[in-house]
Amino acid sequence: MRKNRDTATSSPASSGVSIQQRRGSTTQNSGVGSIGLPVLGGRGRGVMSDGHMQRTFHEAMRQRRTSLPANSLSLNGAKVTGSSLSEAKGLIADMLMNKELPGNVASCLRAVTMLLEQRPLPLNGLLNDFGLPSVVENPYGGESMVVGASKPRISNITFSTVTSATGLPTVPAEPNKARSSSYWKTEASPSNNNEHETPVDLLRKISVSRKESGTHVDTVVTTIDGQRYDTRELDTDPDLAETAVWSFPIFQMSRKHPQTILSRLTYNIFQQAELFRIFKVSPIKFFNFFHALEKGYWEIPYHNRIHAADVLHGCYYLSAHPVRSTFLTPKTPDSVLTPPHPHHQHSSIMSQLSTLELMALFTAAAMHDYDHPGRTNAFLVQVEDKKAILYNDRSVLENHHAAESWKLLNKPENHFIENLDPAEMKRFRYLVLEYILATDLKQHFEIIMTFTERLTEIDVQVETDRLLIGKLLIKMADINSPTKPYGLHRQWTDRICEEFYEQGDDERRRGLPITPYMDRGDAQVAKLQDSFIAHVVSPLATAMNECGLLPILPGLDTSELIINMEHNHRKWKEQIELENGGSYEAQITCNGGTAVNGVIEEESASTSDSPDPRRDSPLDSDLSQVPFTICCSIAEEEYV
């Protein structure tokens, strides 16, 4: 075998240099190899002094770029093949035959031989986007060093010279993103052929398969305030495995992790959407920000970190599941989620949004009620709170949430979006602010009407239309309580009522009139929820459902959100009848409203006082002074 290797003249797997040429045909030790080390002659004929060997070695190491791996094959992009490994082992074996080789050099060569005998590690997940290891070892000090690399740029994105009214660059849609195009594909496994698996089962399987393939963040991360996160534990959390389910056990998770529920859920969703990898998000800065964010939520019954996590989950669920919309073009024809009705097009909203828009939506959901004091906008305006003065009585809380959470994000230790380029940074900020401000119920019907008017013209390739869809998602997630199973809905109802009662107590202490439905001595929970569902939640849910933006799981004729909402609304109507006697319609008429052609019309005193269990109540003083009609012309009402 040795003779055959010595007489070989070339190898197709080598870089065009014969084995004989690599070894050198002279017995002199003056020749040097590609990294500056002398080439030893074969058969033990080359002799080198110990001092000369060490001087040459140190000179070669001094000239090397220590921030790059030693393997030159990684530098030139060549593939490591089995034949090239065999040649390397043969060369080392020839060197070790030199009996005069210094002991330390021989030991190193034997160690290299052992490494070459090991099975090569898979490159997926170990190399960065330029084919270099993410972490290399310093040959001098032995410490690990991170090889810097910017995040991959998507070639089909170009920033247009035409800007929007905000002065920000326009970003077209990304029709072929690696994330979205592979999102619904599972890795090959025998169980993938099970035709009876539900979309929820498949989403769980995708989650597990991705986590098993390796995480993009450090195993253990400790925030600046000492909070410890173990990503291995997060990746195996049974509660987080339920993120694909609409009845996500939010309260069960909050009891286990009362101080970190928002940061844990955000990590899980960022991992599912592969945002850590795409945007090269710093794990420590990510956890620094989202843990500081959740600490900034007050310990109040409703607008707390649990609600923020619930809204984030709602945005994820609504965007991740396929929908039957007429204006969404499927980007994954080989999706494992087979449409129940083949004539309907199936595509997830997530696959239509750019990765930047998706990260902005999730971030805005987590930020949207930051530092909420548990009082409505109307209350803050009435008592002339400093926030109301600062924001001129307009969208007081929404402006406050956006401004204060962005200040928190801009702290150097929290700035996890540091790898965005300037244009992306501007676009990201614009989107986050737009999403947060859209949660103000003053814009509720305006956004619904804008959407329904543009329904036949909506094009997901247009950024303004994608922004409008994103606003609908965060608004639906923000007021999703009546669309959850009754057990969850009832807990959220109890929480919002308690927060309203606390405001009523505050109004009583200040000598102010107690806002309707906020007097704990005159609780009218059923009427409050009936009005809120009929006049706020139902119009939005119906508009989204009719255009196919609400997910419909296989086996169902309509979205589970609509099914839950109708069930919950029916239960509140039944409770009204039990509390007051008579039919539901009679109770509505007795309360000052009239039923005309099946459309309930009431004065604002009873309807606008309906609290929003996800946001501020529409109990604003300006709303309570005008008629409130639930019909298509409601958006024409001017709220000053």
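Residues numbered from 1 in each chain as written. Predicted model: local features only at pLDDT ≥ 70, side-chain atom pairs only at ≥ 80, totals over all residues. Heavy atoms only, no water.

Under an unreviewed UniProt entry, the name given to the chain is Phosphodiesterase, and the source organism is Caenorhabditis elegans. Word for word, the UniProt comment on the chain under Sequence similarities (unreviewed entry) is "Belongs to the cyclic nucleotide phosphodiesterase family." (UniProt positions renumbered as here; feature names shortened; annotations may be inferred.)

Asker: So what about the packing of helix H15 (residues 355-367) against helix H21 (residues 463-478)? Which residues, and what values?
Answerer: Interhelical geometry of H15 versus H21 gives an angle of 30° and a closest axis separation of 11 Å. In terms of axis orientation, H15 runs roughly parallel to H21. As for the relative orientation of H15 and H21, their crossing is right-handed in sense. Mapping the contact onto sequence places Glu357, Leu361, Ala364 and Ala365 in H15 and Arg466, Gly470, Leu473 and Ile474 in H21. Its residues placed into classes, the contact of H15 with H21 shows five nonpolar, one polar and two charged. (Axes fitted to C-alpha atoms, helices over the stretch in contact; angles between N-to-C directions. Helix = DSSP H or I, 4+ residues; strand = E, 2+ residues; numbered from the N terminus. Parallel < 35°, antiparallel > 145°, perpendicular 65-115°, else oblique. Left-handed = near helix turned anticlockwise from the far one by under 90°. Contact = heavy atoms within 4.5 Å. Nonpolar A, V, L, I, M, F, W, Y, C, P; charged D, E, K, R; others polar.)

Asker: Quick one: what's the story with the packing of aromatic side chains, residue by residue and with numbers?
Answerer: Counted under the stated rule, the structure contains 21 aromatic pairs. Ring plane angle 70° and centroid distance 5.9 Å describe the contact between Phe270 and Phe290, whose orientation is recorded as edge-to-face. Here Phe270 is found in helix H11 (residues 261-272), whereas its partner Phe290 is found in helix H13 (residues 283-295), with 20 residues between them in sequence. Here Phe270 and Phe290 have matching classes, each one buried. (Phe/Tyr/Trp six-rings, centres within 6.5 Å; stacked < 30°, edge-to-face > 60°. Buried < 20%, exposed > 50% of the residue type's maximum accessible area, 1.4 Å probe, protein only.)

Asker: So, H15: which residues are in play, and what are the values?
Answerer: A rise of 1.5 Å per residue sets the reference length of H15, with its 13 residues, at 18 Å; its end C-alpha atoms lie 18 Å apart and thus fit the reference within 8%. By the criterion of burial, H15 is predominantly enclosed, with 13 of the 13 residues buried. (Expected span 1.5 Å × (residues − 1).)

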